[in-house]
Amino acid sequence: MKCGLEIHVQIDTKSKLFCNCSTNYLDAEPNTNVCPVCLGLPGAKPLPPNKKAVEVSIMVAKMLGCKIVVDKDIYFQRKHYDYPDLPSGYQRTSTPIGIDGEFMGIGIHEVHLEEDPGQYNPSFGIVDYNRSGTPLIEIVTKPDIKSPEEAREFLKQLMTLFRYLGCLRGEGTMRADVNISIEYMGVQGNRVEVKNVNSIKGVYKVLKYELIRQKNIIKRGGEVKRETRAFLESQMITKAMRSKETAEDYRYIPDPDIQPIVISEKWVKEIEEKMPETPLAKRKRFVEEYGIDEEDAKVLVSDLDMAEMFENVVKSLGVSKENVDLAVTWIRNELRRSLQYHKVDLYESGVKAEHIVELIKLIKDGVISQKIAKEIVDLLVINRGKKTPKEIVEELGLTVIKDENALVKAVEEAIKNNPKAVEDYLSGKKEALNFLMGQVMRLTRGRAEPKRVIELLKERLDK
Ligand code: ZN
Ligand code: MN
């Protein structure tokens, strides 16, 4: 499978792209944030493009490793089509602002800026133009995505990146056009475009569905037609809309009412200065600053929330080899394992750096054992971070057994119940000690301090 995505995300500006109307279209009464420009009335003159929208596009392009198109005219073009949500009959869409990037191993073809249409409700035949003219960034990937899973992961990470930039509206919301073609049983199918898929899950479902649909056509000896399809979310299927229009159908022309933008090298520099670190730069810095493995850094940075957590945890524990190692163990290994097991991202899980700091302190102070700490990580995720490690430990009575007598009792019981292991140990098989320790852990429900258990076992066995 070959898949490319055209992803639209909304930029959080106060006013629209070419007029001073408010971009608030969610809470406002329908058709109140409108003017002749965004209603597309004849003779209305648009303002120059919203500067913040252009800046954010440059930032996004930079974060995606794109080359910025500098010292060259960037035009807004009119892309013509007829639909009730588009009063002017054309959408204004810029030529590329950034080109040739890469993110998560997927090539980025281009990043550009455009205006969103209004909101049309076909069931009632009514239109709300409050959204008309609000700025959108479009990211066009190369057809490098090879599976529905890869598409899902890519989009998740992209959304994390946007969250990180903090200048996009409605975190986690996006609309994507999904292009997919397959090669199956030696037959190359045509490219199919599925329009307006508005969630990550939707993109995943579309790809799963199209993969089966297109395979079946080829299997039956048919031809996968080049066409545009719609995603019917309620049924989780796609449906033919129209045969694919070509670029000519849109009759692109540069908008004569809008001056082209020219991005200077200097402006890019200024933007770079206020931009958060790119994932790649962060990876390098983690290796240099904290001395962690390249691989650990890569994993941590692949989820920017996790990278941020790692850094906050290390900083609040104090930067040292020991603390860095603990942070890697409990975030990159244990927390990540638990998140994957419970199928939730770090952001959604509600687990915060403070929780991990507290957990590591409990381990360091010998209050809980490693084994219990792993369970607490799971409980943090299950409780969506609503309980702190301390609260969990107190509630469930998970503290390490300090009562020496209780520990001795468990050790003696393990020895008594496992004569074979004892015999093995005494005849030189040192691994038998691990087995006995496991038994003690079982008897104490993981609340024994391993170091002390080994000491107690040895004391008794070596006698
Ligand atoms: Zn307006
Ligand atoms: Mn578009």
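Residues numbered from 1 in each chain as written. Chains lettered and ligands numbered in written order. Predicted model: local features only at pLDDT ≥ 70, side-chain atom pairs only at ≥ 80, totals over all residues. Heavy atoms only, no water.

> Help me understand the coordination of the zinc ion (ligand 1) in this model?
For a metal with four tetrahedral donors the ideal donor-metal-donor angle is 109.5 degrees, while six octahedral donors give ideal angles of 90 or 180 degrees. For the zinc ion (ligand 1), the full set of protein donor atoms is Cys19 (SG), Cys21 (SG), Cys35 (SG) and Cys38 (SG), and the range of their distances to it is 2.3 to 2.4 Å. Metal-centred angles of 100 to 115° between the four donor atoms at the zinc ion (ligand 1) mark the site as tetrahedral. Sequence spacing among the residues donating to the zinc ion (ligand 1) works out to C-x1-C-x13-C-x2-C. Of this pair, cysteine 21 sits in the loop between strand S1 (2-10) and helix H1 (51-63) while cysteine 38 is found in the loop between S1 and H1, placing the two residues 17 residues apart along the sequence. In terms of burial, cysteine 21 and cysteine 38 fall into one category: buried. (Donors = N, O, S within 2.8 Å, 3.2 Å for Na, K, Ca; no water. Tetrahedral: all angles 85-135°; square planar, octahedral: opposite > 155°, others 65-115°. Helix = DSSP H or I, 4+ residues; strand = E, 2+ residues; numbered from the N terminus. Buried < 20%, exposed > 50% of the residue type's maximum accessible area, 1.4 Å probe, protein only.)

> In this structure, what is going on with the coordination of the manganese ion (ligand 2)? I would like to understand it.
Distances from the manganese ion (ligand 2) to its protein donors, His8 (NE2), Glu114 (OE) and Glu138 (OE), fall within 2.0 to 2.3 Å. The sequence pattern formed by the donor residues of the manganese ion (ligand 2) is H-x105-E-x23-E. With glutamate 114 in strand S7 (residues 106-115) and glutamate 138 in strand S10 (residues 135-141), this pair connects stretches of sequence that are 24 residues apart.

> Would you explain the packing of helix H8 (residues 321-341) against helix H11 (residues 370-382) in this entry?
Two numbers describe a pair of packed helices, the interaxial angle and the distance between the axes. Orientation of H8 relative to H11, taken along the N-to-C sense of each, is 50°, at an axis distance of 9 Å. Classified by the interaxial angle, the pair formed by H8 and H11 is oblique. Pair H8 / H11 crosses with right-handed handedness. Contacts between H8 and H11 involve Trp330, Glu334, Leu335, Arg337, Ser338 and Leu339 from the first element and Gln370, Ala373, Lys374, Val377, Asp378 and Val381 from the second. Partitioning the contact of H8 with H11 into residue classes produces six nonpolar, two polar and four charged. (Axes fitted to C-alpha atoms, helices over the stretch in contact; angles between N-to-C directions. Parallel < 35°, antiparallel > 145°, perpendicular 65-115°, else oblique. Left-handed = near helix turned anticlockwise from the far one by under 90°. Contact = heavy atoms within 4.5 Å. Nonpolar A, V, L, I, M, F, W, Y, C, P; charged D, E, K, R; others polar.)

> Explain the pattern of salt bridges to me, please; I cannot follow it from the model alone.
Pairing between side chains becomes possible if they bear opposite charge and their charged atoms approach one another. Counted under the stated rule, the structure contains 39 salt bridges. The residue aspartate 116 makes a salt bridge to arginine 175 at a minimum N-O spacing of 2.6 Å. Taken together, the residues span a long stretch of sequence, with aspartate 116 in the loop between S7 and strand S8 (119-121) and arginine 175 in strand S11 (residues 175-181) at a distance of 59 residues. Taking the relative accessible area as the measure of exposure, aspartate 116 reaches 1% and is therefore buried. Linking arginine 285 and glutamate 311 is a salt bridge whose minimum nitrogen-to-oxygen distance equals 2.6 Å. Of this pair, arginine 285 sits in helix H5 (residues 279-290) while glutamate 311 sits in helix H7 (residues 304-317), placing them 26 residues apart in sequence. Assessed through its relative accessible area of 9%, glutamate 311 is described here as buried. Because the salt bridges share partners, they merge into one network encompassing Lys45, Arg78, Arg92, Glu115, Asp255 and Asp257. (Salt bridge = Lys/Arg side-chain N within 4 Å of Asp/Glu carboxyl O.)

> Help me out: how do you make sense of the packing of aromatic side chains in this one?
Within the structure shown, the criterion is met by eight aromatic pairs. Note on tyrosine 83 and tyrosine 120: the rings are 5.5 Å apart at their centroids and 90° apart in plane angle, and the pair reads as edge-to-face. Here tyrosine 120 lies in strand S8 and tyrosine 83 lies in the loop between strand S4 (76-80) and strand S5 (90-94), a separation of 37 residues in the sequence. Owing to a relative accessible area of 27%, tyrosine 120 belongs among the partly exposed residues under this scheme. Judged by centre distance (5.9 Å) and plane angle (70°), the ring pair of tyrosine 250 and tyrosine 252 falls under edge-to-face. The lysine or arginine in question, lysine 79, covers the ring of tyrosine 250, its NZ or CZ lying 4.5 Å from the ring centre. Here arginine 131 stacks its cationic end above the ring of tyrosine 25, 6.0 Å away from the centre of that ring. (Phe/Tyr/Trp six-rings, centres within 6.5 Å; stacked < 30°, edge-to-face > 60°. Lys NZ or Arg CZ within 6 Å of the ring centre and 35° of its normal.)

> Help me out: how do you make sense of helix H6 (residues 294-301) in this one?
Each α-helix winds once per 3.6 residues, and so residues spaced three or four apart point in a common direction. All of the buried residues in H6 are Asp296, Ala297, Val299, Leu300 and Val301. Along its buried surface, H6 packs onto H5, H7 and H8.

> Explanation requested: the domain arrangement of the protein in the structure shown.
The parts lose accessible area when they come together, and the size of an interface is often stated as this lost area. What the domain assignment reports for the protein is domain 1 (2-173 + 246-273), domain 2 (309-396) and domain 3 (404-462). One C-alpha centre belongs to domain 1, the other to domain 2; they are set 39 Å apart. (Domains from an automatic or database assignment.)

> Sorry, what's going on with the environment of valine 408 here?
Relative to the elements of secondary structure, valine 408 occurs in helix H13 (residues 404-417). Placed 48 residues apart in sequence, valine 408 and leucine 456 show a C-alpha to C-alpha distance of 7.1 Å. In contact with valine 408, not counting residues within four places along its chain, are Leu456 and Arg460.

> Looking at this structure, I do not really get the layout of surface pockets. What am I missing?
Over the atoms rolls a probe the size of a water molecule, and in doing so it shows where empty space is left. The space that makes up the second largest pocket amounts to roughly 1,400 Å³. Lining the second largest pocket are 43 residues; nearest its centre among them are Met104, Glu153, Lys156, Gln157 and Ser302. Sorting the residues of the lining of the second largest pocket by element identifies strand S6 (98-103), helix H2 (148-165), helix H3 (200-219), H5, H6, H7, H8 and helix H9 (346-349) as the ones contributing at least two each. In terms of residues, the lining of the second largest pocket owes the most to one element, H2, which gives eight residues. (1 Å grid on protein atoms, 1.4 Å probe; cavity = no way out; pocket = protein on both sides within 12 Å on 5 of 7 lines; lining within 4 Å. Points joined across faces, edges and corners; volume = space filled by probe spheres on them.)

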